[in-house]
Amino acid sequence: MTLYSRVRPFAFKLPAETAHDLGKRTLRAAQSTWPTRAALSYAYRYDDPALEVDLFDTTFPNPVGVAAGFDKNAEVTHALEALGFGFVEIGTVTPYPQAGNDRPRLFRLREDEGMINRMGFNGQGMEQVKSRLAADGTPDVPLGVNVGKMNSSSEAEAIEDYRRVFDRLSPFADYVVVNVSCPNTPDEFDEASPDHLRAIFETLEAENDRDVPILVKIGPDEPQESVFDLVDIVREFDLDGIVATNTSTSREGLESPRREEWGGLSGNPLESRSTEVIRTLAEYTDGELPIIGVGGVDSAESAYEKIRAGASLVQLYTGFVYEGPSTAKRINRGLVALLERDGFSSVEEAVGADLER
């Protein structure tokens, strides 16, 4: 029995957001000194050359990253690196501080090993995040920045929101993700409409003097034709990849009594659907467009399934909440064993192995 398995029942007695904030404060303290960071790395990092992935003009030491939403304000990036994650994505970051939706807004679905959140892009805003990154430095693993709009912004204002955050934070980023698929923000307009997406990407393209890789995050609930339309726009603007997928509004098959809470569903119930979207994207693009797979990753097997479906990298958030600080180490160690079993010398060789060529 691990320490986390002993602690988790007590943590799960707290409201989900309270427990999350407490966990981040613990990680913040743990990363505050070199000896404590080193101790975390010694206990939790797992390195193997087979895990390395070269993507976006940088090297990811392993393919398992932390999804946006866990460390919105870049408070614990160094601790997450020490826990063995191969990359960290902060955000969603908005131009100005934003309270988000009223509490409670984060719910555990224990029976389903999932979560529902309706956080609503709460965060400290880009200037606070910029100051923290400048003061603390970025981690020694790739850093992604997930950018979003203010909840009160109109369609035209939203484009300027993305530009502002990109301008402030792209110098710190190894890649930037445009988040236009969150189900927890006001539906003032269609954020994923082709015209709106083109306006965003035209604006960011003009702003991107440093050629920072730009990706777009898509949801799991879009019909296939809409997914293909988005991929065509991604190709049109020569974007660098897709993050698949965001949270879902579906409640099919859930057993938890909190299943009717409104918001975005994440975790185990999303695993199959997100992998299906990854496979669809990879087949439609002939495996030529990098994909970061997210949704239900909590084990080496679930990560490997997404990699074989076409994802070059994977991310998790809910799986980390349920499985604890050894999650990345356990997944990475298991991935090496799975690669060896199937005769692959690296993760990169396994990407898209299940696709019809």
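Now for a quick tour of the structure. (Residues numbered from 1 in each chain as written. Predicted model: local features only at pLDDT ≥ 70, side-chain atom pairs only at ≥ 80, totals over all residues. Heavy atoms only, no water.)

**Side note on the nonpolar core**
- Judged by nonpolar contacts, the single largest core of 101 residues is most densely connected at Leu 80, Phe 85, Val 178, Phe 201, Ile 242 and Leu 281.
- Counting five residues, the second-largest nonpolar core is a separate cluster that includes Leu 109, Ile 116, Leu 254 and Leu 265. (Core = buried A, V, L, I, M, F, W, Y, C linked by side-chain atoms within 4.5 Å. Buried < 20%, exposed > 50% of the residue type's maximum accessible area, 1.4 Å probe, protein only.)

**Digging into the sheet that holds strand S8 (residues 175-179)**
- Sheet architecture is closed into a barrel: eight strands sit in the order S3-S4-S7-S8-S9-S10-S12-S13, paired in parallel fashion. Across the sheet, the mean angle from the axis of one strand to that of its neighbour is 25°, orientation sign disregarded.
- Two strands pair when backbone bridges link them, and strand S4 (residues 87-93) and strand S7 (residues 143-147) are joined in this way by five bridges, in the parallel orientation. Looking across to S7, one finds that Ile 90 is bridged to Val 145. (Pairing = 2+ DSSP bridges. Helix = DSSP H or I, 4+ residues; strand = E, 2+ residues; numbered from the N terminus. Axes fitted to C-alpha atoms, helices over the stretch in contact; angles between N-to-C directions.)

**Looking at empty space enclosed by the protein**
- Taken as a whole and assessed by the stated rule, the structure comprises one cavity of 30 Å³ or more.
- Empty space within the largest cavity amounts to approximately 50 Å³.
- What lines the largest cavity is simply Glu 113, Gly 267, Asn 268, Gly 296, Val 297, Asp 298, Thr 318, Gly 319 and Tyr 322.
- Of the residues forming the lining of the largest cavity, the biggest block, three residues, is contributed by helix H11 (residues 318-323).
- For the lining of the largest cavity, the class distribution of residues is two nonpolar, five polar and two charged. (1 Å grid on protein atoms, 1.4 Å probe; cavity = no way out; pocket = protein on both sides within 12 Å on 5 of 7 lines; lining within 4 Å. Points joined across faces, edges and corners; volume = space filled by probe spheres on them. Nonpolar A, V, L, I, M, F, W, Y, C, P; charged D, E, K, R; others polar.)

**Quick word on unusual backbone geometry**
- Of note, the amide linkage connecting Arg 103 to Pro 104 takes the cis form, showing an omega dihedral of -5°.
- With respect to the helices, strands and loops of the structure, Pro 104 is situated in the loop between S4 and strand S5 (106-109).
- One non-glycine residue, Phe 56, lies in the positive phi region at around 55°.
- With respect to the helices and strands, Phe 56 occurs in the loop between strand S1 (53-55) and strand S2 (58-60).
- Of the residues examined, Phe 56 reaches a relative accessible area of 10% and is grouped as buried.
- We note that Asp 238 has phi near 55°; this positive angle belongs to a residue other than glycine.
- Positionally, Asp 238 belongs in the loop between helix H8 (224-236) and strand S10 (241-244).

**What about the environment of Phe 320?**
- Summarising the element assignment, Phe 320 is placed in helix H11.
- Not counting residues within four places of it along the chain, the set of residues in contact with Phe 320 comprises Tyr 4, Phe 70, Leu 80, Leu 83, Phe 85, Pro 325 and Thr 327. (Contact = heavy atoms within 4.5 Å.)

**Side note on the layout of surface pockets**
- In this structure, the largest pocket occupies an estimated 910 Å³ of space.
- Lining of the largest pocket is provided by 34 residues; of these, Tyr 4, Val 7, Gly 23, Gly 324 and Pro 325 occupy positions nearest its centre.
- No other element matches helix H2 (residues 16-30), which puts nine residues into the lining of the largest pocket.
- Tallied by class, the residues present in the lining of the largest pocket amount to 22 nonpolar, seven polar and five charged.
- Within this model, the second largest pocket holds a volume of roughly 700 Å³.
- Around the second largest pocket sit 47 residues that line it, and Ala 68, Gly 69, Phe 70, Lys 72 and Tyr 317 are the ones nearest its centre.
- Elements supplying a minimum of two residues to the lining of the second largest pocket: H2, S4, strand S6 (114-117), strand S11 (264-267), strand S13 (313-316) and H11.

**Structural notes on the packing of H8 against helix H9 (residues 271-284)**
- Taken N-terminus to C-terminus, the directions of H8 and H9 make an angle of 50°; their axes are 11 Å apart at the nearest point. Taken together, the axis directions place H8 and H9 in an arrangement best described as oblique. When you trace H8 past H9, the crossing you get is right-handed. Touching Gln 224, Val 227, Phe 228, Val 231, Asp 232 and Arg 235 of H8 are Thr 280, Leu 281 and Tyr 284, all from H9.
- Its residues placed into classes, the contact of H8 with H9 shows five nonpolar, two polar and two charged. (Parallel < 35°, antiparallel > 145°, perpendicular 65-115°, else oblique. Left-handed = near helix turned anticlockwise from the far one by under 90°.)

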